[in-house]
Amino acid sequence: QVQLVESGGGLVQTGGSLRLSCAHTGSSVSASDIIWYRQAPGNQRVWVARIYANDKTIYAAAVKGRFAISRDNSQNTVYLQMSNLKPEDTAVYYCNTPVNVQTDNWGQGTQVTVSS
């Protein structure tokens, strides 16, 4: 079973940067689409970035140009580099595979808080 563990969150000021990590166990990260989601208090979980198995990447409009998703196959890890952070980026961030999303199987996530 694929398991994903998020880390790297924290408190940062507006305009700052953070890099989130998504450690992937159970299979090779290179064979999986990986999606980053976030959930702000009182809101639904929404996707923010996706990297396909062929390394194509797509981004939600709210983060395009500020966030970058990448994969390190040697570390079996997917990263989300977040720059020029805004208070509205404050949320719990999750990474997941499409299959886990369909079966509603989620990890603990990592909290990102952007102060104004």
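Residues numbered from 1 in each chain as written. Predicted model: local features only at pLDDT ≥ 70, side-chain atom pairs only at ≥ 80, totals over all residues. Heavy atoms only, no water.

> Explain unusual backbone geometry to me, using residue names and the numbers behind them.
Phi is positive for asparagine 76, close to 50°, though the residue is something other than glycine. Note that asparagine 76 resides in the loop between strand S7 (67-72) and strand S8 (77-82). When its relative accessible area of 18% is taken as the criterion, asparagine 76 is described as buried. Backbone geometry places aspartate 104, a non-glycine residue, at a positive phi of 55°. Tracing the backbone shows aspartate 104 in the loop between helix H1 (98-102) and strand S10 (110-115). (Helix = DSSP H or I, 4+ residues; strand = E, 2+ residues; numbered from the N terminus. Buried < 20%, exposed > 50% of the residue type's maximum accessible area, 1.4 Å probe, protein only.)

> I'd love a proper account of the environment of threonine 77, names of residues and values included.
Examined against the element boundaries, threonine 77 turns out to sit in strand S8. For threonine 77, a relative accessible area of 8% translates into the label buried. A polar atom in the side chain of threonine 77 sits 2.8 Å from the backbone oxygen of glutamine 75. (Polar contact = N/O pair within 3.5 Å; in protein donor to acceptor, adjacent residues only side chain to side chain.)

Purely geometric numbers; function is a separate question.
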